[in-house]
Amino acid sequence: MNLFNYLKWEWINFIRSPYKIIAVVLFLIAAGFSIYNGYALRNKQLDTISKVKAIYKKQLDEAKAYLKANKKGPEDSPWIDVQTPYWAMYSSAQHLTKAPSPMMVFAVGQAEQFGFYKRINAWSTAYDGDLAAEISNPERIALGALDFTFVVLFLLPILLIVLCFTVGGYEQDKQVSKLIKIQLGVQSPWIFGRIISIGIYVSGFLIALILISALFSGVIAEAGNSLFQFSAIILLYTWIWLLGIIGLIHLQMGQTAQAMTLTLIWVIFAMVIPGAVHQAASLIYPNNLMVEFLDAKREDTEDIYDTDFPIVRNRVIQNYPELKETKLATVPDSVFAQNLKSSIYRTEIAYHMKEVSEKIENSFGEKNSFITSSYWFNPIIGIQNYLFGLAETDYIAYQNYRKKIQSANLEICKTIILDEWNEVKVDLEKFTVYEKLLEK
Amino acid sequence: MKAIIWNEWILLRRNPWFIGLIIVLILIVGLTSYFGVAETKKLIAMEAEASAEIRSQWDNQEAGNPHNAAHYGTYLFKPSSALTGFDEGVNGVVGKTLYLEGHRQNEIQYSEASQSLQISRFGKLRPALLLQLIIPLLLIFLVFASIRTERESDRVRILLVQGGDFRQILFGKIIAYWLLSVLFLLVTLSLQLILQSEKLTTEVILRTCLIGVGYAAFYWIISSCTAYLTANLRQAGTALSLMLACWIVWGVFLPKISGTLGEQLYQLPTRQAFADGMRADRASSLDGHNPEEEKLAALKDSVLRKYQVETVEELPINFDGLLMQADEEVGNVVWDKHFGDLNKVLRKQKTFTQVSSIPNPLQSLQSLSMGLSGTDYFHHADFMLKAEQYRRQFIKSLNEKHAYGGSKTGDWEWAADQEFYRSLEDFSYSAIPLNQVFNILWTDVMILFGWVIGGFLLINSSKFRI
């Protein structure tokens, strides 16, 4: 028999098996629904970002209007002076967003657990309340997102089990193995032929599904390379399962025992091992209540304020040697105005918060190292997180976003203090520089 | 029937593979119970330590203005329920740290899920996961294998010729395996109680017993459906395929689909839209044409009248404190409206998922299990509500001290002493009582009950077919 005959045989077999058709239809519904979910979530996030940016733009324009009119700010808030670096920076609506990648259509990942836009000022941190995740139903979030990655990594093996249900086991049960052996010499080519045919159909089906969705959602144009990698990994994953199924079929267990064993293998790799790793990780690294951060925000901040000005000033100069080049670098401490002193303390606090954040991120890093070290026996989750990485919807992508926020906060503090020490009066031109501060 | 049940157990006892499997499963169930409880105990200890630290910071703050103290605020750590070790529910995704301060209500933060890469799609290997998905799978295999062997070996004919009743044979087999699954249940739940004996209350014991009843009902459903299909479908493979399909659709497919569908049908606002709505309502309350502004003016007038003075500066009390409280109350009304709306949407979503679980008893069991373990959305919402009630009382005490503590209007330097701060009561949380939990979970109970009856009827309608 050649491959064409195998393909024909499997096709006939498929269209005559209602339960296989139902399984494919269910898989198709799940896949379609999951892709729609990803697409809808991405659009919702993009829409939210554009609305948020419009609000920021409005605030920015208001500040520009004050500067144009040579005003300090709104009349009912006399403490605001947009001509000073601090208030100018505050009014320049600095913000950072994490735009959803086009690949979110296929891998929602952990995107629903993190915030993706934040207005940043001199006091911002990466753990502020305004960086919380979007409002959602916690019971739904606990169940996890139904994304295409879930459908492929967790439901596809079940579809393969259903499609391969009759391969090998049927021949065994109906005792036609001998007949096949007489015709082909050995049974292996027959089994291989059937499984390869199923593999070809499934691969074609997956590619078609991905390509059609990618075309309609624009992923091909925007993230062709990631999409290619994503598809290649999915196909590889499919064929690894098929190889496993071939191995199992060679044990000649019969249809029912074969299906039971495959289901058990799926349960072990999809539920038991990931669940056990999850439990172990939580036991070793339990939910961080962030007390360290809370202490830094309140107690440490108070301690910094209680520290003598010259000490804090020296520390800040040590961290930012550029300050030595400013106009006020050589001015004695006693001459410093209160707002300039506040600026020094604020910068020191920002620097301290960055250090604390790094410490916290490192402790999370230990948990993540534990998780990644389990990938060799927890391969489905390993592949899943790689795919999430491709779609920039994994923890790492959001951690990088948090790091950017923390750095942006320091950049803002640094710019303010440098301009204050250079006695800069903010005009429209300077304000435009502020406006573009975080663009780089 | 007793003979059939006994006979099944003898057959199982003779199978060394089966005995091995049971021992392994009991070990796994035991270990998951142990680790689940160990993690919960660790969390409870961390929560207590963190709460004590935050409280000591509050108690040891220097004398200061009460309004500054309202901004300093305090933190609450959502306590883990005693049965979190059994079923984690939403606790892994909602965070535990809540900042309480004046003027605003914050969201609970720092969920465990946001602190690492995703580790699993079906949650931690907790007893609930084993009992909801793995034990039913085993039950499907065992009931199927038993009835199929009976049919294929034609022993069922001999039993019928000897005067046996086919339905009784089926009931006997179902009960035999159902009791086996109940054994796992008993081991798990007993371990839950034994391992945390120091935390045991009547409420916890009662909740545990009800969890047991819910799971036992589900096992009955699984056993009877498998028995019915295996006994009534000519091709044994089809019966197994159908039950496996049910298991997958019930356990993997439908919960995710219905959850997502519920969220799309009853949409929640985005955080930005929600914040904008709150901001708009608060802003409108400061509008000159708005009754809230009138309310503030009325407050000022009434206070001036009460103390028979012309200006707030002449008042023997600090009017700023009263204003802060009035502002707080405006904020509370806005919060009540918006969070009330949010809660309504979430309730609709819950009702949708509950009703959509009519064809999926496993989903009803999951909802029941979370609810009784005190880890579902309603318990979370209850904590948030009680925390907000505490925040209001807490801020009100500070504002009243600001107003009546001895300072005059405009005196922001006035300081309340440490004793006052220490005298403010700490937050203590008690979960929703069991009777109220049933107001929420009755749909799930009814669905499970309906399926149990359905299981009885199915088996009762079974006829032996050649």
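Residues numbered from 1 in each chain as written. Chains lettered and ligands numbered in written order. Predicted model: local features only at pLDDT ≥ 70, side-chain atom pairs only at ≥ 80, totals over all residues. Heavy atoms only, no water.

### Focus on the overall build of chain A
Part 1 of the reasoning: A tally of helices and strands in chain A yields 16 helices and 2 strands.
Part 2 of the reasoning: Relative to a compact globule of 440 residues, whose C-alpha radius of gyration would be 22 Å, chain A shows 30 Å and is clearly more extended.
Part 3 of the reasoning: The principal-axis extent of the C-alpha atoms belonging to chain A is close to 100 × 45 × 35 Å.
Part 4 of the reasoning: In chain A, which comprises 440 residues, the share counted as buried stands at 55%.
Part 5 of the reasoning: Long-range pairs, those at least 24 residues apart, make up 82% of the contacts in chain A between residues at least 6 apart in sequence.
Part 6 of the reasoning: Carbon and sulfur atoms make up 62% of the accessible area of chain A, which amounts to about 19,000 Å² in all.
Part 7 of the reasoning: For chain A, the distance from the average position of its 40 positive side-chain charges to the average position of its 42 negative side-chain charges is 8 Å. (Helix = DSSP H or I, 4+ residues; strand = E, 2+ residues; numbered from the N terminus. Rg over C-alpha atoms; globule rule 2.2 N^0.38 Å. Buried < 20%, exposed > 50% of the residue type's maximum accessible area, 1.4 Å probe, protein only. Contact = heavy atoms within 4.5 Å. Areas by Shrake-Rupley, 256 points an atom, 1.4 Å probe, with all protein chains shown as cover. Lys, Arg positive; Asp, Glu negative; His and termini not counted. Charge placed at Lys NZ, Arg CZ, Asp CG, Glu CD.)

### Re the side chain of Thr-32 of chain B
Part 1 of the reasoning: Mapped onto the elements, Thr-32 of chain B comes out in helix 2 (residues 16-59).
Part 2 of the reasoning: Ignoring sequence-local partners within four residues, the contact set of Thr-32 of chain B consists of Leu-125, Arg-126, Pro-127 and Leu-130 of chain B.

### Concerning the environment of Ser-231 of chain A
Part 1 of the reasoning: Locating Ser-231 of chain A in the fold gives a position in helix 9 (residues 219-249).
Part 2 of the reasoning: Residue class for Ser-231 of chain A comes out buried when judged on its relative accessible area of 16%.

### Quick notes on the nonpolar core
The tendency in soluble globular proteins is for nonpolar side chains to be buried side by side.
Part 1 of the reasoning: Phe-106, Phe-148 and Trp-266 of chain A are the most contacted members of the largest nonpolar core, which has 232 residues in total.
Part 2 of the reasoning: Not counting residues within four places of it along the chain, the set of residues in contact with Trp-266 of chain A comprises Phe-154, Pro-157, Ile-158, Ile-161, Trp-241 and Met-271 of chain A together with Phe-122, Trp-247 and Val-252 of chain B.
Part 3 of the reasoning: One finds Ala-69, Tyr-72, Ile-395 and Ala-416 of chain B within the second-largest nonpolar core, a separate group that totals 21 residues. (Core = buried A, V, L, I, M, F, W, Y, C linked by side-chain atoms within 4.5 Å.)

### Side note on the interface of chain B and chain A
Part 1 of the reasoning: Counting residues at the interface gives 79 residues for chain B and 85 residues for chain A.
Part 2 of the reasoning: Of all residues in chain B, Leu-117, Ile-119 and Arg-121 of chain B give up the largest surface area on contact with chain A, accounting jointly for 12% of the area buried on that side.
Part 3 of the reasoning: Along the contact surface separating chain B from chain A lie 4 salt bridges.
Part 4 of the reasoning: Residue Arg-121 of chain B is joined to Asp-147 of chain A by a salt bridge in which the shortest nitrogen-to-oxygen separation is 3.2 Å.
Part 5 of the reasoning: There are 36 residue pairs in polar contact (both at pLDDT 80 or more) connecting chain B and chain A.
Part 6 of the reasoning: Secondary-structure elements contributing two or more residues to the side of chain B that touches chain A are helix 2, strand 1 (74-77), helix 4 (91-94), helix 5 (127-152), helix 9 (236-265), helix 10 (271-284) and helix 12 (319-355) of chain B.
Part 7 of the reasoning: At 17 residues, the largest contribution of residues to the side of chain B that touches chain A is made by helix 9 of chain B. (Buried area = accessible area lost by both parts, 1.4 Å probe. Salt bridge = Lys/Arg side-chain N within 4 Å of Asp/Glu carboxyl O. Polar contact = N/O pair within 3.5 Å; in protein donor to acceptor, adjacent residues only side chain to side chain.)

### Comments concerning unusual backbone geometry
Part 1 of the reasoning: Of note, Glu-423 of chain A is a non-glycine position whose phi angle comes to about 55°, a positive value.
Part 2 of the reasoning: Tracing the chain through its elements places Glu-423 of chain A in the loop between helix 15 (395-421) and helix 16 (428-435).
Part 3 of the reasoning: For Glu-423 of chain A, a relative accessible area of 52% corresponds to the exposed category.
Part 4 of the reasoning: Positive phi outside glycine occurs at Tyr-110 of chain B, with the angle close to 60°.
Part 5 of the reasoning: Structurally, Tyr-110 of chain B can be placed in the loop between strand 2 (97-100) and helix 5.

### Some words on the packing of helix 12 (residues 309-319) of chain A against helix 13 (residues 338-372) of chain A
Residues and elements named next belong to chain A.
Part 1 of the reasoning: Look at helix 12 against helix 13: their axes get within 9 Å of each other, and the N-to-C directions meet at 60°. Classed by the angle they form, the pair helix 12 and helix 13 counts as oblique. At the point where helix 12 passes helix 13, the crossing takes the left-handed sense. Residue-level contacts link Phe-309, Val-312, Arg-313, Arg-315, Val-316 and Asn-319 of helix 12 to Lys-341, Ile-344, Tyr-345, Thr-347, Glu-348 and Tyr-351 of helix 13.
Part 2 of the reasoning: For the contact of helix 12 with helix 13, the class distribution of residues is 6 nonpolar, 2 polar and 4 charged. (Axes fitted to C-alpha atoms, helices over the stretch in contact; angles between N-to-C directions. Parallel < 35°, antiparallel > 145°, perpendicular 65-115°, else oblique. Left-handed = near helix turned anticlockwise from the far one by under 90°. Nonpolar A, V, L, I, M, F, W, Y, C, P; charged D, E, K, R; others polar.)

### Here's the deal with the packing of aromatic side chains
Part 1 of the reasoning: Per the stated rule, a full pass over the model turns up 50 aromatic pairs over all chains.
Part 2 of the reasoning: Ring centres of Trp-9 of chain A and Trp-190 of chain A lie 5.4 Å apart, and the angle between their planes is 65°; this geometry places the pair in the edge-to-face category. Separated by 181 residues along the polypeptide, Trp-9 of chain A in helix 1 (residues 3-15) and Trp-190 of chain A in helix 8 (residues 188-217) bring together distant segments of the chain.
Part 3 of the reasoning: Take Trp-9 of chain A: its relative accessible area is 36%, and that puts it in the partly exposed class.
Part 4 of the reasoning: Judged by relative accessible area, Trp-190 of chain A falls into the buried class, the value being 8%.
Part 5 of the reasoning: Between Trp-266 of chain A and Phe-122 of chain B, the aromatic rings sit 6.3 Å apart at their centres with planes inclined by 75°, giving edge-to-face as the arrangement. With Trp-266 of chain A in helix 10 (residues 255-284) and Phe-122 of chain B in the loop between strand 2 and helix 5, the pair connects residues from two separate chains.
Part 6 of the reasoning: The buried category is assigned to Phe-122 of chain B, whose relative accessible area is 14%.
Part 7 of the reasoning: One residue, Arg-298 of chain A, lies across the ring of Tyr-72 of chain B, its end atom 3.9 Å from the ring centre.
Part 8 of the reasoning: The aromatic ring of Phe-309 of chain A is capped on one face by Lys-341 of chain A, whose charged end is 5.2 Å from the ring centroid. (Phe/Tyr/Trp six-rings, centres within 6.5 Å; stacked < 30°, edge-to-face > 60°. Lys NZ or Arg CZ within 6 Å of the ring centre and 35° of its normal.)

### Observations regarding the confidence of the model for chain B
All names here are of chain B.
Part 1 of the reasoning: Averaged over all residues, the pLDDT of chain B equals 89, while 97% of them reach at least 70.
Part 2 of the reasoning: Summarising per-element confidence for chain B, the mean pLDDT is lowest in helix 11 (residues 291-307) (78) and highest in helix 13 (residues 361-373) (95).
Part 3 of the reasoning: Counting interchain partners and residues more than four positions distant, the pLDDT-below-50 stretch residues 286-291 has 6 contacts. (pLDDT = per-residue confidence, 0-100.)

### Remarks on the pattern of salt bridges
All names here are of chain A.
Part 1 of the reasoning: In this structure the tally under the stated criterion is 37 salt bridges over all chains.
Part 2 of the reasoning: Between Glu-222 and Arg-42 there is a salt bridge; the shortest N-O distance is 3.2 Å. With Glu-222 in helix 9 and Arg-42 in helix 2 (residues 18-68), this pair connects stretches of sequence that are 180 residues apart.
Part 3 of the reasoning: Put simply, Asp-130 and Lys-118 hold a salt bridge, and the shortest N to O gap is 2.7 Å. Pair noted here: Asp-130 is in the loop between strand 2 (117-119) and helix 4 (138-143) and Lys-118 is in strand 2, with a separation of 12 residues, a long-range link.

### Things to note about a nonpolar patch on the surface
Residues and elements named next belong to chain A.
Part 1 of the reasoning: On the surface, a cluster of nonpolar side chains totalling about 530 Å² of accessible area is made up of Trp-11, Ile-15, Ile-21, Val-25, Ile-29 and Tyr-201.
Part 2 of the reasoning: Contributions of two or more residues to the nonpolar patch are made by helix 1 and helix 2.
Part 3 of the reasoning: The element best represented in the nonpolar patch is helix 2, accounting for 3 residues.
Part 4 of the reasoning: One can find Ile-15 in helix 1.
Part 5 of the reasoning: Ile-15 gets classed as partly exposed once you look at its relative accessible area, which sits at 46%. (Patch = residues over 30% accessible without salt bridge, like charges linked within 9 Å, V, L, I, M, F, W, Y side chains within 5 Å.)

### Observations concerning helix 10 of chain B
Residues and elements named next belong to chain B.
Part 1 of the reasoning: The end-to-end C-alpha separation of helix 10 is 20 Å, in line with the 20 Å expected for 14 residues at 1.5 Å each.
Part 2 of the reasoning: All of the buried residues along helix 10 are Arg-271, Gln-272, Phe-274 and Met-278. Along the axis of helix 10, the buried residues cluster in a sector spanning 160°; they form a single face. (Expected span 1.5 Å × (residues − 1). Arc of directions from axis to C-beta.)

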